[in-house]
Amino acid sequence: MDKKSKENRKVSYIWIIISIILIVSVGIGGWLLGTKFATREDEIPKIDKPVEETKKLEKEDESKDYVYEASYSYENKYQTYKEFPNVKDEIKKINYGIEVEYREGTQYLEDLRVPYINIKTEVAQKVNEQIKNLYLEYALSFDTNAKIVNDKEDLPVARHILTYQTYIHQDILSVIIIYDKEATSNWNLQYMTYNFDLKTGNVLSYEGLLSRLGYEKETAQTELEELIGEKIKSLWTEYQIKLPVSEQERFILEAKESLQESIASKKVLMFVKDGNLNVLERISYGTEDNSYYIFELTK
């Protein structure tokens, strides 16, 4: 075999070897890429897998519940004061659908209680800031009233209610804060309500709660309006209030319009208890009373 033939055969062998190497490399590379993509797919939660099984809502303090009593401090000078010298110390209750206790006689700073939302989200922190500001307002008022008593000033002093209740239904956390100051004999309880989605940490809207609980929006509003009308009529009966038909119709219409405005402005006060939506709505019925009442939507 001449020298030229040998060189041609050598070149052919080299190209064969190179081709084999390329085929093997591509095969190995494809196998590696396939393995990598398969791993990424495994990391993606399955659509039919509940969110709470794949991602637990993070708490700020995992050793505590989603809500616990906050320990804020205004650095109060006073811890107690006597409302009126001759008033007997007594714990009483008031109930407009949510029962709360209050004291007559000696008032205690420790009775001012607010919740801390133990959820690690920006939304929860904003809510906690609102709640803290409310507490500081009441702690300051407590000291102001205690100073009036301590200095024996001839001024009226107030009692305070600042407390809260919570309910959990499935993945919905409802927090209700109840508060008021009064220097007479009539309480006018105020409310702040928050409903957290324990899957996302977000605050649920009125429409969101209706959807989550299985209510139809139009049906729910109609039922709420009917409940409000029935409540006003029952108050007229209870307090023996007699009004012309035109006045009765006006009070009921105004109450329904107030509800509609609350819904439209996204300011509905609401919470979930035992799986039912409860709405707090202020109603007037011909007296000085202008309190909030609870209206429960049952299924």
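Up top is the structure these notes are about.
In this text the structure is predicted, and so the values were computed from the model without any measurement.

A. Spatial organisation of the nonpolar core. Ile117, Ile119, Tyr135, Leu162, Ile177 and Phe196 are the most contacted members of the largest nonpolar core, which totals 32 residues. Where this core is concerned, the elements lending two or more residues are β6 (115-117), α3 (122-150), β7 (159-169), β8 (172-182) and β9 (190-197). In terms of residue count, α3 provides more of this core than any other element does, 9 residues in total. The contact partners of Phe196, leaving out residues within four places of it in the chain, are Ile117, Ile119, Val123, Ala124, Val127, Asp171, Ile172, Leu173, Gly201, Asn202, Val203 and Leu204.

B. Focus on the packing of helix α4 (residues 206-213) against helix α5 (residues 217-238). One way to put it is that α4 packs onto α5 with a least axis distance of 10 Å and a crossing angle of 105 degrees. Relative to α5, the element α4 is oriented roughly perpendicular. Along the contact surface, α4 presents Tyr206, Glu207 and Leu210, while α5 presents Lys217, Ala220, Gln221 and Leu224. Its residues assigned to classes, the contact of α4 with α5 comprises 4 nonpolar, 1 polar and 2 charged.

C. Focus on the packing of aromatic side chains. Counted by the stated rule, this structure contains 8 aromatic pairs. Between Tyr167 and Phe271, the ring centres sit 5.7 Å apart and the planes meet at 20 degrees, which makes this aromatic pair stacked. Of the two residues, Tyr167 sits in strand β7 while Phe271 sits in strand β10 (residues 269-273), which places them 104 residues apart along the sequence. A single burial state applies to Tyr167 and to Phe271, both of which are buried. When the ring of Tyr239 is compared with that of Tyr285, the centres are 6.2 Å apart and the planes differ by 15 degrees; the resulting orientation is stacked. Here Tyr285 lies in the loop between β11 (276-282) and β12 (292-297) and Tyr239 lies in the loop between α5 and α6 (245-264), a separation of 46 residues in the sequence. For Tyr239, a relative accessible area of 46% puts it in the partly exposed group. Residue class for Tyr285 comes out buried when judged on its relative accessible area of 2%. A cation sits over an aromatic face here: Lys59 above Tyr66, 4.5 Å from the ring centre.

D. Seen up close, the sheet that holds β10. Reading across the sheet, the 3 strands line up as β10-β11-β12 and stay open at both edges, with antiparallel pairing between neighbours. Two strands bound the open sheet, and with one partner strand each, they are β10 and β12. Strand-to-strand twist of the sheet, defined as the mean angle between neighbouring strand axes without regard to direction, takes the value 25 degrees. Examined bridge by bridge, β11 and β12 share 6 bridges and lie antiparallel to one another. Counted as the bridge partner of Arg282 is Tyr292 from β12.

E. Highlighting the side chain of Glu182. Note on placement: Glu182 falls in strand β8. Here the side chain of Glu182 touches Arg159 through a polar contact of 2.2 Å, side chain to side chain. Setting aside residues no more than four positions away along its own chain, Glu182 makes contact with Val157, Ala158, Arg159 and Trp187.

F. Spatial organisation of unusual backbone geometry. Phi is positive for Gln240, which is not a glycine, with a value near 55 degrees. Along the chain, Gln240 falls in the loop between α5 and α6. In the Ramachandran plot, Asp274 falls in the positive-phi region, its phi being about 55 degrees despite a non-glycine side chain. Within the element layout of this structure, Asp274 appears in the loop between β10 and β11.

G. Just the environment of Asp180, in detail. Within the element layout of this structure, Asp180 appears in strand β8. Each C-alpha atom of the pair Asp180 and Arg159 lies 8.3 Å from the other, and the pair is 21 residues apart in sequence. Contacts of Asp180, omitting those with residues within four sequence positions, involve Tyr138, Arg159, His160, Ile161, Trp187, Asn188 and Leu189.

H. Seen up close, the pairing of strand β4 (residues 99-104). Burial of the side chains of β4 is restricted to one face: Val100, Tyr102 and Glu104 are buried, whereas none of Glu99, Glu101 and Arg103 on the reverse face is. Bridge analysis of strand β3 (residues 90-95) against β4 gives 6 bridges, and the strand direction is antiparallel. If you follow Lys93 over to β4, its bridge partner there is Glu101. Hairpin connection from β3 to β4: 3 residues lie between these consecutive antiparallel strands, with Gly97 at a positive phi of about 120 degrees.

What counts and how
- Residues numbered from 1 in each chain as written.
- Predicted model: local features only at pLDDT ≥ 70, side-chain atom pairs only at ≥ 80, totals over all residues.
- Heavy atoms only, no water.
- Core = buried A, V, L, I, M, F, W, Y, C linked by side-chain atoms within 4.5 Å.
- Buried < 20%, exposed > 50% of the residue type's maximum accessible area, 1.4 Å probe, protein only.
- Helix = DSSP H or I, 4+ residues; strand = E, 2+ residues; numbered from the N terminus.
- Contact = heavy atoms within 4.5 Å.
- Axes fitted to C-alpha atoms, helices over the stretch in contact; angles between N-to-C directions.
- Parallel < 35°, antiparallel > 145°, perpendicular 65-115°, else oblique.
- Nonpolar A, V, L, I, M, F, W, Y, C, P; charged D, E, K, R; others polar.
- Phe/Tyr/Trp six-rings, centres within 6.5 Å; stacked < 30°, edge-to-face > 60°.
- Lys NZ or Arg CZ within 6 Å of the ring centre and 35° of its normal.
- Pairing = 2+ DSSP bridges.
- Polar contact = N/O pair within 3.5 Å; in protein donor to acceptor, adjacent residues only side chain to side chain.

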